[in-house]
Amino acid sequence: MSIRCGICPHNCLLEENKFGICGTRKLKNNEIELPFYGLISAAAIDPVEKKPLYHFHPSKTVFSVGFFGCSLSCPFCQNHSISKDFKTRISSGSFYKPEELISKAADSGSFGIAYTYSEPLIHFEYLFDCMKLAKKRGLKNILVTNGYINETPGNKLLEYTDALNIDLKSFDEDFYKQELKGKLEPVLNFIQKAASRVHIEVTTLIIPGKNDSEEEILQCADFLSSINPGIPYHLSAYYPSYKYYINPTDPRDLMKLAEAASAKLDFVYTGNIYGGQQDTFCSSCGNLLIKRSGYKTLLQGISGDKCSACGIDLNTINIHI
């Protein structure tokens with residue numbers, strides 16, 4: 001007997017004692033189980049800007065946890081030791097019951113918990129249990145994800161989600177199919193759905209010769225702008241990793257792409273390079289609101305939750321203090 005997993009768009013047909021593509025969900029005794037329920041690969045207290053989230057409680061720290069496995073097969077993955085080649089790393093992880101993990105997050109003094117580092121969505125059952133408990137404890141739930149999830153489980157998680165950073169790895173269906181072994185449309189659908197309900201920011205890793213044309217980045221920017229031009233868009237520099245040996249992204253090229261995307265979106269940032277475009281300016285009057293240097297963040301032009309220059313409520317321009 002085989003049963004189809006319905007968490008992500010792969011919809012893997014699982015056979016007894018066999019894992020799906022993500023490497024974390026399997027069929028046992030004719031039921032789909034998560035053998036790694038509660039297995040955490042890493043835990044740390046990070047600046048929320050590291051997620052990256054620039055418009056959601058900037059300058060604060062967030063308790064962050066990682067898992068094992070991934071639903072996509074990115075050959076340039078910078079966390080491949082826990083996302084793809086993780087079988088030898090499992091023994092280094094630690095099991096936490098949802099109650100234990102959320103208590104640990106609450107005791108850390110952080111305003112919330114971020115599920116990050118490797119793909120959290122494939123750990124749906126554990127994630128759902130933790131997020132419900134976090135809400136009860138007054139903690140914010142943050143997902144850092146590839147956005148590769150089916151509609152029904154995605155909607156269930158969004159009920160308890162406060163903010164997301166979603167990877168939009170390309171705007172080319174062939175890139176998703178050939179390089180990532182996935183599909184673009186489900187990611188676009190999840191971005192649209194999430195943006196209608198919670199705070200989202202979007203990241204694209206810019207890989208030379210793969211997804212770095214101005215035309216493609218403008219397609220990404222047009223798509224986000226059609227939803228909300230205030231969605232923060234992060235363009236991140238690539239460095240050789242895993243199975244990719246392409247030269248790193250030229251910072252000058254990254255800045256040019258950011259400039260082009262800025263014609264469509266109110267907030268475009270560059271990451272993984274020195275300096276770059278990190279500061280946040282009021283989209284209403286141009287006042288410098290937030291000054292950043294690496295992960296050092298200064299709320300400079302903000303009074304309460306308003307721009308100190310024009311007085312606009314920052315929530316209306318998608319900045320949540």
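Remember, predicted model here, so these are calculated numbers, not experimental data.

Draft legend 1. Representation of the overall build of the protein in the model. On a plain count of helices and strands, the protein comes out with eight helices and 19 strands. In terms of overall size, the protein behaves like a compact globule, its C-alpha atoms giving a radius of gyration of 19 Å where 321 residues would be expected to give roughly 20 Å. Relative to its full complement of 321 residues, the protein shows a buried share of 52%. Within the protein, contacts between residues at least 6 apart in sequence are counted, and of these 63% link residues at least 24 apart. Element-wise, carbon and sulfur atoms account for 47% of the exposed surface of the protein, whose accessible area totals about 13900 Å². In the protein, the 34 positive side-chain charges and the 35 negative ones have mean positions that sit 6 Å from each other.

Draft legend 2. The arrangement of empty space enclosed by the protein in detail. Under the counting rule described, the total for this entry stands at one cavity of 30 Å³ or more. A volume near 100 Å³ is recorded for the largest cavity. Lining the largest cavity are 13 residues, with Cys-5, Cys-8, Cys-12, Cys-22 and Arg-25 positioned closest to its centre. Grouping the constituent residues of the lining of the largest cavity by class yields eight nonpolar, four polar and one charged.

Draft legend 3. Inspection of the sheet that holds strand β15 (residues 280-281) at higher detail. Spatially, three strands are ordered β15-β16-β17 in an open sheet, and the strand pairing comes out antiparallel. One side of each edge strand has no neighbouring strand; the edge strands of this open sheet are β15 and β17 (296-299). Relative to strand β16 (residues 288-293), β15 runs antiparallel, the two being bridged by two bridges. Each bridged residue has a counterpart across the sheet, and for Thr-280 the counterpart in β16 is Ile-290.

Draft legend 4. Just the packing of helix α6 (residues 185-195) against helix α7 (residues 214-227), in detail. Remark: α6 packs on α7, axes separated minimally by 10 Å, with the N-to-C direction vectors making an angle of 30°. One finds that α6 runs roughly parallel with respect to α7. The hand of the α6/α7 crossing is right-handed. Only Phe-223, Leu-224 and Ile-227 of α7 make contact with α6, whose side of the interface consists of Leu-188, Ile-191, Gln-192 and Ala-195. Each residue belonging to the contact of α6 with α7 can be placed in one class, and the counts come to six nonpolar, one polar and no charged.

Rules and cut-offs
Throughout, residues of each chain are indexed from 1 in the direction in which the sequence is written. It should be noted that, the model being predicted, local features are given only for residues of pLDDT at least 70 and side-chain atom pairs only at 80 or more, the latter also being counted only at that level, while totals for whole chains, interfaces and linings use all residues. The side-chain values count all of the structure's non-hydrogen atoms but skip hydrogen atoms and water molecules. For helices the rule is a DSSP run of H or I covering at least 4 residues; for strands it is a run of E covering at least 2, with both sets numbered from the N terminus onward. The atom set for the radius of gyration is the C-alpha atoms, and the globule formula is 2.2 Å times the number of residues raised to the power 0.38. Categorising residues by exposure relies on relative accessible area from a 1.4 Å probe, with only protein chains included: less than 20% of the type maximum marks a residue as buried, more than 50% marks it as exposed, and the intermediate range marks it as partly exposed. By the convention used here, residues are in contact when the closest approach between their heavy atoms is within 4.5 Å. Note that accessible areas follow from Shrake-Rupley with a 1.4 Å probe, and for residues the cover is restricted to the protein chains shown. Neither His nor the chain ends is counted toward charge; the positive residues are Lys and Arg and the negative residues Asp and Glu. A charge is said to be at NZ when it belongs to Lys, at CZ for Arg, at CG for Asp and at CD for Glu. Points on a 1 Å grid over protein atoms alone make up a cavity when a 1.4 Å probe fits among them but cannot get out, and a pocket when they form an open set with protein on both sides within 12 Å along at least five of seven lines; lining residues each have an atom within 4 Å of a point. Grid points are joined across faces, edges and corners, and a volume is the space filled by probe spheres set on the points. Asp, Glu, Lys and Arg are counted as charged, while Ala, Val, Leu, Ile, Met, Phe, Trp, Tyr, Cys and Pro are counted as nonpolar; the rest, among them Gly, fall into the polar class. Strands qualify as paired when DSSP identifies two bridges or more between them. Under this scheme, a helix contributes an axis fitted over its contacting stretch, all axes are lines through C-alpha atoms, and angles between N-to-C directions fall in the 0 to 180 degree range. When an angle is under 35 degrees it counts as roughly parallel; over 145 it counts as roughly antiparallel; between 65 and 115 it counts as roughly perpendicular; any other value is oblique. Note on convention: near helix rotated counterclockwise from far helix by under a right angle means a left-handed crossing. Clockwise means right-handed.

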